[in-house]
Amino acid sequence: SRPNLALVGATGAVGTVMRDIVSTREDIWGEIRLVASPRSAGKTLKVRGEDVVVRALAPEVFDGIDIAIFDVPDEVSAEWVPIAAARGAVAIDKSGTFRMQPDVPLVVPEVNPHAAADRPRNIISTPNCTTLSMMAAMGALHAEYNLQELVVASYQAVSGAGVAGTARLYDEVEALAGDRGIGQVAGDVRKALDNKLAEESPFPAPIAFNVVPWAGSFKEGGWASEEIKLRDESRKILGIPGLKVSATCVRVPVVTTHSLAVHARFEREITVADAHRVLAAAPTVVLMDDPEKGVWPTPAAVVGTDPTYVGRVRQAIDFPNTLDLFVCGDNLRKGAALNAAEIAELVARESLSA
Ligand code: 2RA
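Naming follows an unreviewed UniProt entry, where the protein appears as Aspartate-semialdehyde dehydrogenase of Nonomuraea longicatena. UniProt's Sequence similarities (unreviewed entry) comment on the protein is quoted here verbatim: "Belongs to the aspartate-semialdehyde dehydrogenase family." On record in UniProt, under Subunit (unreviewed entry), the comment for the protein is "Homodimer."

This is the structure:
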């Protein structure tokens with residue numbers, strides 16, 4: 001019989017995309033149950049063209065569920081993912097809570113699908129969207145050229161910070177629209193926003209007419225949590241415990257789709273032609289790389305689509321084993337909902353073929 005799926009966090013930024021994804025991909029599911037905080041319970045939302053009433057998170061909502069996808073804050077996952085798993089569901093968790101635990105696999109289906117089967121706690125984690133934005137591309141290159149080092153700068157969209165992040169960018173743009181003198185005097189953007197917007201921002205500096213060199217929470221040594229996640233998660237997914245990684249994560253005024261400038265060193269020389277061949281053959285990567293014609297990916301050009309887009313591939317002039325490239329990926333789709341749905345499909349196929 002068809003497996004039953006629960007979507008926990010069905011009303012958030014990722015949850016909304018999740019409903020769209022399960023409604024448009026091949027339908028392998030029996031029931032799809034929507035679950036959210038008590039505040040959102042009782043709402044009616046569409047899935048697969050049908051109205052479904054959202055249920056409040058409680059132990060019983062997992063009865064009869066085979067797979068539960070969680071996109072909720074870390075502390076909610078910490079409490080509820082083990083409850084779902086104990087009630088017999090395979091829990092696929094998007095939070096940071098379990099990702100680095102050794103008995104929980106961290107899965108990107110293009111890169112390490114086999115890892116999903118080894119899940120002693122019935123929990124599978126899905127990576128942070130920043131890591132995911134480059135994993136399909138870096139996994140394909142690593143498989144042939146053996147990755148040694150990554151230096152990354154991110155350009156992260158505001159929807160990575162949820163519905164509130166997106167609302168804030170729109171509010172700031174609206175508040176500043178029409179002022180053709182703004183952004184030319186130190187501090188004027190912040191001052192104008194302080195005067196016009198009462199609500200506190202989810203970002204530590206203005207995000208309109210600006211870039212913000214900070215994403216996530218404060219970690220030892222002055223690192224931001226997003227930078228540490230990028231390092232730890234890349235190592236685990238690619239299966240390279242000693243991979244050298246250094247990152248700077250930056251928030252930019254883009255609604256959705258994270259971009260990364262990646263400087264990747266491999267074990268042996270890799271030319272642009274080599275990289276193009278590998279990337280063009282990777283099923284979920286789209287190569288957009290013809291700089292003479294102005295062809296490279298931008299977030300605005302690819303948002304709302306599934307692939308990982310790669311352009312600006314160069315062999316670093318002073319480092320022959322090293323590529324510089326630019327990657328874009330929709331942080332709500334491959335970066336979140338799509339990867340979780342793909343893991344769920346992997347697990348579902350195990351039982352369908354058993
Ligand atoms: C962000 N990666 O973009 C985060 C979301 N977990 O803020």
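Moving on: the site of the ligand. The environment of the ligand is formed by N128, C129, T130, Q156, G160, A161, E226, R251 and H258. One of the side-chain nitrogen or oxygen atoms of T130 is found 3.4 Å away from a nitrogen atom of the ligand. Looking at the shell around the ligand residue by residue, the class counts come to 2 nonpolar, 5 polar and 2 charged.

Hydrogen bonds between backbone groups are what pair the strands of a sheet, and the pairing can be parallel or antiparallel. Overall, mixed pairing links the 6 strands, which are arranged β12-β9-β13-β16-β15-β14 in an open sheet. Among the strands making up the open sheet, the edge pair consists of β12 (244–248) and β14 (285–287). With direction set aside, neighbouring strand axes in the sheet form an average angle of 25 degrees. Looking at chain direction, β14 and strand β15 (residues 308–315) are connected through 3 bridges and run parallel.

The next thing to look at is the pairing of strand β13 (residues 258–266). Summarising the sheet, strand β9 (residues 147–155) and β13 pair through 8 bridges and their orientation is antiparallel. The residue bridging Y155 from the neighbouring strand is S259, located in β13. Across 8 bridges, β13 lies against strand β16 (residues 322–329) in antiparallel orientation. Each residue of the ladder has a partner; that of H263, found in β16, is D324.

Turning to the pattern of salt bridges, a few remarks are in order. Pairing between side chains of opposite charge can happen when the charged atoms of each approach one another. By the definition in use, this model includes 20 salt bridges. The partner of R48 in a salt bridge is D27, and the shortest N-O contact between them spans 3.0 Å. Highlighted residues: R48 in the loop between β3 (44–47) and β4 (50–53) and D27 in the loop between α1 (13–24) and β2 (32–36), separated in sequence by 21 residues. Classification of R48 by relative accessible area gives partly exposed; the value is 25%. The partly exposed category is assigned to D27, whose relative accessible area is 31%. One salt bridge connects R87 with D63, and the closest N-O pair in it is separated by 3.1 Å. Residue R87 is located in the loop between α2 (74–86) and β7 (90–93), and its partner D63 is located in the loop between β5 (55–56) and β6 (67–70); the two are separated by 24 residues in the primary sequence. Owing to a relative accessible area of 37%, D63 belongs among the partly exposed residues under this scheme. If you follow the salt bridges from partner to partner, you end up with R2, D27 and R48 in one network.

One open sheet holds the 6 strands; their spatial order is β5-β2-β1-β6-β7-β8, and the pairing between them is parallel. Where the open sheet ends on each side, the last strands, each with one partner, are β5 and β8 (123–125). Sheet topology note: the β6/β7 ladder contains 4 bridges and is parallel. Bridging across to β7, F70 finds its partner in D93. Each of β1 (5–8), β2 and β6 touches α1; the most contacted strand, β1, lies at about 160 degrees to it. Running at roughly 175 degrees to β6, α2 makes contact with β6, β7 and β8 of the sheet.

A few words now on the nonpolar core. Considering soluble globular proteins, one finds that nonpolar side chains tend to be buried as a cluster. Formed by 36 residues in total, the largest nonpolar core has its most connected members in M134, M138, L141, L147, L150, V262 and F266. Of all elements in the fold, only α3 (129–145), β9, α6 (225–238), β12, β13, α7 (272–281), β15 and β16 reach the threshold of two or more residues within this core. It is α3 that provides the largest number of residues to this core, a total of 9 residues. With near-sequence residues (within four places) excluded, F266 lies in contact with M138, L141, H142, Y145, N146, L147, Q148, N321 and L323.

Reading the values: rules and limits
- Residues numbered from 1 in each chain as written.
- Predicted model: local features only at pLDDT ≥ 70, side-chain atom pairs only at ≥ 80, totals over all residues.
- Heavy atoms only, no water.
- UniProt positions renumbered as here; feature names shortened; annotations may be inferred.
- Near = heavy atom within 4 Å.
- Polar contact = N/O pair within 3.5 Å; in protein donor to acceptor, adjacent residues only side chain to side chain.
- Nonpolar A, V, L, I, M, F, W, Y, C, P; charged D, E, K, R; others polar.
- Pairing = 2+ DSSP bridges.
- Helix = DSSP H or I, 4+ residues; strand = E, 2+ residues; numbered from the N terminus.
- Axes fitted to C-alpha atoms, helices over the stretch in contact; angles between N-to-C directions.
- Salt bridge = Lys/Arg side-chain N within 4 Å of Asp/Glu carboxyl O.
- Buried < 20%, exposed > 50% of the residue type's maximum accessible area, 1.4 Å probe, protein only.
- Contact = heavy atoms within 4.5 Å.
- Core = buried A, V, L, I, M, F, W, Y, C linked by side-chain atoms within 4.5 Å.

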